[in-house]
Amino acid sequence: MSDAEEAPRESTGKNGETEKKEEEEPNPNYKEVENPQEELQDDTLAWRESQEEEEEEEEEEGEDKEIVMEETEEKAGEAQEEEASGIQKETTVEPQEMKKSMTSLEIRITDSQSITSGIFPTTQRGSESKPSLQSEDSEADELEFLDLDQLSPEEQQMSSPERQPSGELENTDQRPQDELERERRDLEPEKREEGQERSMSSIQSIAGISRESLVSTTTEDILFQKDKSAPVYPLTLTWSFGWNSSLPVYYIREEKQKVLLYVCAHTVIIYNVFRNHQYHLQGHANIISCVCISEDRRWVATADKGPDCLVIIWDSFTGIPVHTIFDSCPEGNGIRAMAMAHDAKYLATISDAEVQKVSIWKWTLAVETPACTLELPKEYGFQNYLTFNPKNNKELVSNSKTQAIYYAWTFNKLVGKFSQSIFHLNLTQILSATMEGKLVVWDIHRPPSSTSTFLSFPYIKPCKLVHLQKESITVLTTIDSYIVTGDIKGNIKFYDHTLSIVNWYSHLQLSAIRTLSFSKTPATPPTEKSNYPPDCTLKGELFVVRNFIIGTSDATVYHLTTDGTKLEKLFVEPKDAICAISCHPYQPLIAIGSICGMIKVWNYEKKRYLFSRVFEKGLGVQSLTYNPEGALLGAGFTEGTVYILDAMSLENESPEPFRYSRTSVTHISFSHDSQYMATADVSFTVAVYMVVVRNGRRVWEYLARLRSHRQSIRSLLFGVYLDSNEPRLLSLGTDRLLIEYDLLRSYKDHLEVLDIHRTDQGCYPTCMVWYPPLTRELFLLICNSGYKVKLFNATTKMCVGLQILPVDGNPHKTTAIVCHPNGVAGMALSYDGRYIFTAGGHDRSVVQWKINLSVLEAAVSLGGEDLTPFYGLLSGGREGKFYRELEDYFYYSQLRSQGIDTMETRRVSEHICLSELPFVMRAIGFYPSEEKIEDIFNEIKFGEYVDTGKLIDKINLPDFLRVYLNHRPPFGNTLSSIQKSFEVLGYTNSKGEKAIRREDFLRLLITKGEHMTEEEMLDCFASLFGLNPEGWKSEPATSSVKGSEICLEEELPDEITAEIFATEILGLTISEDSGQDGQ
């Protein structure tokens, strides 16, 4: 049940108290907007009128225009046609006119600590002053702005992002801007001669744009229409649990719909509260760092932080990304702050690099470079907030904790750290809120345009410091005729333009305010039935303001209905990392645990929050697991406590929690009969608990614990013996040890170890699961850091490879998706196998994915049969050089095994014996260890043993190719892997390189790892130095030099580095990063 439906009846639980709600059905009487298209057209007309008013005002002020444009008359029939087409066009600017009409946006720096009287100059065309506004656009050297009031009505429609098509923008992006410019110039004479209609048709024809654009013709209702299309991906995102509470929540739809927009990890969520439905905007690979929205709530811009960062502009009506900016911050780590002009034509960004850059993007023109950029010196502070002037898109203000950027004035007294800055309602002042509860008022001075001196540029000057309140101001915004603040105590206050208090909400008992978002719909005028509160003025008039959304620091989102002051809790999400998730064994329930101490249980089919529990401070949930019956929920905490809870109420099942571990409990597992529970912690310790009968009651008691591993434990599993119904317990660690415990022989404070087996030689295991009981034997499936999946016999612990697995190495049988930008911290599978749930850890999200096996099966079918999918994994494919060499070596090994110098008749076969397999592997550039060779032999020999009872002693070429592809290193032989070994074994020589002395090198080969005998080592060097014509021990009769005759002191240098070992001794031609197929 959603929080929106039940929040008024919810009580906050403290110190372990439980919160619970009764389920309600969604509102069946929910009614859509009757005619959204008419509403959209009305908004368009109002928008045009506002632009015309701005045009008249600017003409009266006598401001110079930036771009001279040709105006055309609007025709009634063409306006409707152009509205559907949504075409955008950049107008022609004559060079002489541009110089005269160019204006620039001045950026000034203000410091909150000391005062100076200097003004930061703006670089004009040809100026060499630093820092300068460096243009990245071929048409401008300074910040340029394209005003809608300078356009004709037809051109306004073409330039307006509200008319911009979606799919058509992709075509525009692929075409050079200068090409589009040339085509536009060519069209202008035709436009003058033959009329606007023909011009529009020609432009549409050139751009490949259809008249019916989804973006330009859609309504607000299309986003939540039921999608009946077939799935196209194996995993489909269906629901996202969580909210990044460091980013704002926006109120984007009318009151009747109550639709919110917020961010969860690298996904934007549009949430319809009444319908309890989510729509996901997916496109970012990194965590989204900032989000902004246009005044009309239609255009949404998002940016992320990380490699290959993106800035994406979305249409919130359709969910379509209308424009993507790649490499927005190539030198940095992404975008720190972002703002969109109120007419949605310009986007401003501040990079997250060490040296920040401010960029202005004309995103409606579908260009890939900013119109201009400004590099900010480090002394200006790290800017983290940015906003446009709501009435003039030529003015911006940004601030860091200590400085506001607009001009070079500073204070002479400490005012505290800035939190946010906005433009005053009168548009002649700027307000900056501080963390000390003060408000800095700046006057904007705009000298007459006739003056051309340095002081003629716009600048701001601090005029007042207002001690507004004691509490830190965290949010500063404006709505209608009010200036609104939110503070760290949860108070929301409204001021008039003179900064006199009008009203406040202090009785709501909220935590620190993080975001305020007001409804797009103006407040309803008061009537006799209205219950607006009176304001605090002497007149005591009704305080009428729009409804708004409140986001708080404890990751809670509220909706406040101002008529009656009704506060509704929409949802509460964990405010800290989420690592623990578990699915109920036979019901559609998922339990989510957070480091903040909260456990929430959801019905994931109905997308309803059911109940939760918040534990006392200091208890962070690290692991969760349901028992097989679904009656109990085991919970492990960060400080070592273990709780056993009732699964339906989250009350304690045991009187007291278990506190036998001193570190975080990372794993919990129940036996199949729920008689045992095992835990693993960060200290590499396994603890076991069991059910005993005390006074006629079944109670849980501690049995024993053992520090059985040397490194972190990755998996903890219970199983069942084949010949009995007794449980068995196994643990797997990054120390490459698979340990089985003897539960029957264990007793109080003594945990008996039954068997220890090493699973890998070089790579470390990452997870372990039971292989489905599809065969007559039990197998363990173990994944490792080398991107390999290994199958072990559960009884003998022998690695039998991948031969009997459905996953045989065919690349089309697997799929991968970026579930979370910073990795997956936890994963769970629904009881019916329809959904996968992933937890993102510090991104505070849990994502629900629907499994579409039919899509994966279609990919397998389209990928080809037999060896066709495998050929694509080889360099050059089936006809490439590498495969031909592999084929030659395979058949050459038959000659070698029969003797090269024999005169007997050759026996040609499609198979080679297993003893020849290592030689062929090494010949094509794969150098398996002796343990790896043993695993390969076991995989082949026992591949059919379960079904036929026979061992295999030979292999054909197709099977050999599969074995090679499955066992070779995923990235080939790299110099970096060899260097890591030398860093461990070697010392730093005089040149600063890691090296091994010759004597130590030879001793290590004989005594460490898979050590050789001295004879084997000498024979190897004889082959490497080319003294054995046919290779090591390949044909003893033809060997010209015996190993004992080699003088290694003459052949080997005194010091051996990784480069010398790889290139001069082994003879490999490998680079630092590149892998190889078969060198």
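The model shown is predicted, which means the values in this text are computed figures rather than measured ones.

Peer 1: Quick question: what am I supposed to make of the overall build of the chain here?
Peer 2: Assigned secondary structure in the chain consists of 21 helices and 57 strands. For the chain, with 1079 residues in total, the buried portion stands at 53%. Here the analysis covers contacts within the chain between residues at least 6 apart in sequence; of these, 57% occur between residues at least 24 apart. For the chain, the accessible area works out to roughly 49600 Å², and carbon and sulfur atoms hold 50% of it.

Peer 1: In this structure, what is going on with the sheet that holds strand E12 (residues 320-326)? I would like to understand it.
Peer 2: Sheet architecture is open: four strands sit in the order E9-E10-E11-E12, paired in antiparallel fashion. Of all strands in the sheet, those with a lone pairing partner are strand E9 (288-293) and E12, marking the two edges. Looking at each pair of strands side by side, their axes are set apart by 20° on average, direction ignored. Pairing of strand E11 (residues 310-315) with E12 involves six bridges; the strand directions are antiparallel. By the bridge assignment for E12, Asp315 is matched with Ile320.

Peer 1: I'm lost on the environment of Leu235 in this one. Help?
Peer 2: Looking at where Leu235 falls in the secondary structure, it is placed in strand E4 (residues 235-242). Sequence separation between Leu235 and Tyr835 is 600 residues, and the spatial gap between their C-alpha atoms is 8.7 Å.

Peer 1: Explanation requested: the nonpolar core in the structure shown.
Peer 2: Nonpolar side chains tend to gather and get buried jointly when the protein is soluble and globular. Grouped together as the largest cluster of nonpolar side chains are 39 residues, with contacts concentrated most on Leu261, Ile270, Val311, Ile313, Met338, Met340 and Leu347. Within the residue set of this core, elements represented by two or more residues are strand E6 (259-264), strand E7 (267-272), E9, strand E10 (299-304), E11, E12 and strand E13 (335-340). Dropping the residues within four chain positions of it, Ile270 is found in contact with Leu223, Phe224, Ile252, Val259, Leu260, Leu261, His277, Gln278, Tyr279, Leu281 and Ser316. The next biggest cluster of nonpolar side chains, apart from the first, holds 29 residues, and it includes Val249, Phe571, Ile578 and Tyr609.

Peer 1: Can you walk me through unusual backbone geometry in this structure?
Peer 2: Across residues other than glycine, the phi torsion is negative in most instances, and most of the peptide bonds are trans. Residue Arg736 is not a glycine yet carries a positive backbone phi of 70°. Relative to the helices and strands, Arg736 resides in the loop between strand E44 (727-733) and strand E45 (737-747). Classification of Arg736 as partly exposed rests on a relative accessible area of 22%. Unusually for a residue other than glycine, Tyr787 sits at a positive phi of about 65°. When you line up the elements, Tyr787 lands in the loop between strand E48 (779-784) and strand E49 (789-793).

Peer 1: Help me out: how do you make sense of the pattern of salt bridges in this one?
Peer 2: Opposite charge on two side chains permits pairing when their charged atoms draw close. Tallied over the entire structure, the rule returns 23 salt bridges. Glu568 serves as the salt-bridge partner of Lys258, at 3.0 Å between the closest nitrogen and oxygen. Taken together, the residues span a long stretch of sequence, with Lys258 in the loop between strand E5 (250-251) and E6 and Glu568 in strand E31 (residues 566-572) at a distance of 310 residues. Glu568 shares its class with Lys258; the two are buried. Residue Glu740 pairs with Lys797 through a salt bridge whose shortest N-O separation is 3.0 Å. Taken together, the residues span a long stretch of sequence, with Glu740 in strand E45 and Lys797 in the loop between E49 and strand E50 (826-829) at a distance of 57 residues. Given the relative accessible area of 2%, Glu740 is considered buried. Linked by salt bridges that have partners in common, Arg728, Glu740, Asp755 and Lys797 make up one network.

Peer 1: Sorry, what's going on with the sheet that holds strand E24 (residues 473-479) here?
Peer 2: Read from one edge of the open sheet, four strands run E24-E25-E26-E27, paired in antiparallel fashion. On the outer flanks of this sheet lie E24 and strand E27 (501-505), each paired with one strand and no other. When the angles between neighbouring strand axes are averaged without regard to direction, this sheet yields 20°. Taken together, the four bridges between strand E26 (residues 492-495) and E27 define a ladder with antiparallel strand orientation. Within E27, the residue paired with Lys493 across the bridge is Trp504.

Peer 1: Please explain the packing of aromatic side chains as it appears in this structure.
Peer 2: For any two aromatic rings, the description comes down to two numbers: the centre-to-centre distance and the angle of the planes. All chains considered together, the criterion is met by 35 aromatic pairs. Taken together, a centroid distance of 5.9 Å and an interplanar angle of 55° make the contact between Phe890 and Phe960 tilted. One end of the pair, Phe890, is in helix H12 (residues 881-898); the other, Phe960, is in helix H16 (residues 957-967), with 70 residues separating them in the sequence. Note on accessibility: Phe890 and Phe960 belong to one class, buried. Through pairs of rings, three or more aromatic residues link up here, namely Trp239, Phe241, Trp243, Tyr262, Tyr271, Phe571, Trp602 and Tyr609. Over the ring of Tyr871 we find Arg878, and its NZ or CZ is 5.5 Å from the ring centre. Its end group placed over the ring of Tyr987, Arg997 keeps NZ or CZ at 4.2 Å from the ring centre.

Peer 1: Teacher, can you tell me more about the pairing of strand E32 (residues 578-583) here?
Peer 2: One face of the sheet, then the other: side chains in a regular strand alternate in exactly this way. Of all the six residues making up E32, five are buried; the element is thus mostly covered by neighbouring parts of the structure. Where E32 meets strand E33 (residues 589-594), five bridges bridge the pair, whose relative direction is antiparallel. By the bridge assignment for E33, Cys583 is matched with Ile590. Where E32 folds back on E33, the antiparallel hairpin that results is connected by five residues.

Peer 1: Looking at this structure, how should I read the confidence of the model for the chain?
Peer 2: Reading predicted coordinates in detail is not appropriate for stretches of low pLDDT. Of the residues in the chain, 73% reach a pLDDT of 70 or more, and the chain-wide mean stands at 75. Contacts from residues 802-806, a stretch scored under 50 in pLDDT, to residues over four places away or in other chains number 17 contacts. This stretch, residues 1034-1041, has a pLDDT under 50; its non-local contacts, to residues over four places away or in other chains, come to 16 contacts.

Peer 1: It is not clear to me how the pairing of strand E41 (residues 686-694) should be interpreted in this structure. Could you clarify?
Peer 2: Of the pairings in the sheet, the one linking strand E40 (residues 676-681) to E41 comprises five bridges and is antiparallel in character. Bridged to Ala678 within E41 is Val688. Here E40 hands over to E41 after four residues, with Phe684 in that stretch at a positive phi of 65°. As paired elements, E41 and strand E42 (residues 697-706) share nine bridges and run antiparallel to each other. Residue pairing for E42: Val688 is matched across the bridge by Ala704. What sits between E41 and E42 in their antiparallel hairpin is a turn of two residues, with Asn695 showing a positive phi close to 55°.

Peer 1: Hey, could you run me through the side chain of Thr759 in this one?
Peer 2: By the element assignment, Thr759 lies in the loop between strand E46 (750-758) and strand E47 (765-770). Looking at Thr759, the relative accessible area reads 2%, which means it is buried. In this structure the side chain of Thr759 is engaged in a polar contact, spanning 3.2 Å, whose partner is the side chain of Asp760. Here Thr759 is in contact with Leu732, Arg736, Leu738, Pro765, Ile782, Lys790 and Phe792, once residues within four sequence places are set aside.

Peer 1: Explain the packing of H12 against H16 to me, please; I cannot follow it from the model alone.
Peer 2: The description of two packed helices rests on the angle between their axes and on the distance between the axes. Here H12 crosses H16 at 120°, and the two axes come no closer than 11 Å. As far as their axial angle goes, H16 and H12 are oblique. Between H12 and H16 lies a crossing of right-handed hand. Residues Phe882, Tyr883, Leu886, Glu887, Phe890 and Tyr891 of H12 form the contact with H16, whose own contacting residues are Leu957, Phe960, Leu961 and Tyr964. Taken together, the residues that form the contact of H12 with H16 break down as nine nonpolar, no polar and one charged.

Each value, and the rule that gives it
The residue numbers shown here count from 1 along each chain, following its written sequence. This being a predicted model, a pLDDT of at least 70 is required before a residue's local features are given, and a value of 80 or more before pairs of side-chain atoms are given or counted; all residues contribute to the totals for chains, interfaces and linings. Excluding hydrogens and water, the side-chain values take into account all heavy atoms of the structure. Strands are runs of DSSP state E lasting at least two residues, helices are runs of H or I lasting at least four, and both sets are numbered from the N terminus onward. Exposure is judged per residue with a 1.4 Å probe applied to protein chains only, and the accessible area is read against the type maximum: over 50% gives exposed, under 20% gives buried, and values in between give partly exposed. In this description, contact between two residues means that some pair of their heavy atoms is separated by no more than 4.5 Å. Surface exposure here means Shrake-Rupley accessible area, sampled with a 1.4 Å probe, where a residue is shielded only by the protein chains that are shown. Two strands are said to pair when DSSP picks up at least two bridges between them. Each axis is a line fitted through C-alpha atoms, taken for helices only over the stretch in contact, and angles between the N-to-C directions span 0 to 180 degrees. Put simply, buried Ala, Val, Leu, Ile, Met, Phe, Trp, Tyr and Cys residues joined by side-chain atoms within 4.5 Å make one nonpolar core. Whenever a carboxyl oxygen of Asp or Glu lies within 4 Å of a side-chain nitrogen of Lys or Arg, that contact is scored as a salt bridge. Ring pairs shown here join Phe, Tyr and Trp side chains whose ring centres sit within 6.5 Å, with only the six-membered ring taken for Trp; geometry is labelled stacked below 30 degrees between planes, edge-to-face above 60, and tilted in between. Both a distance and an angle decide whether a charge sits over a ring: NZ of Lys or CZ of Arg must be within 6 Å of the ring centre and within 35 degrees of the ring normal. Every residue is assigned a pLDDT by the predictor, reflecting its confidence on a scale from 0 to 100. We call two N or O atoms a polar contact when they sit within 3.5 Å, provided that within protein one can donate a hydrogen and the other can accept it, with sequence-adjacent residues counted only if both atoms are side-chain atoms. Here roughly perpendicular refers to angles of 65 to 115 degrees, roughly parallel to angles under 35, roughly antiparallel to angles over 145, and oblique to all remaining angles. Helix crossings are classified by the rotation of the near helix relative to the far one: an anticlockwise turn of less than a right angle makes the crossing left-handed, while a clockwise turn makes it right-handed. In this count, Pro and Cys sit with the nonpolar residues alongside Ala, Val, Leu, Ile, Met, Phe, Trp and Tyr, while Asp, Glu, Lys and Arg are called charged and the others, Gly among them, polar.

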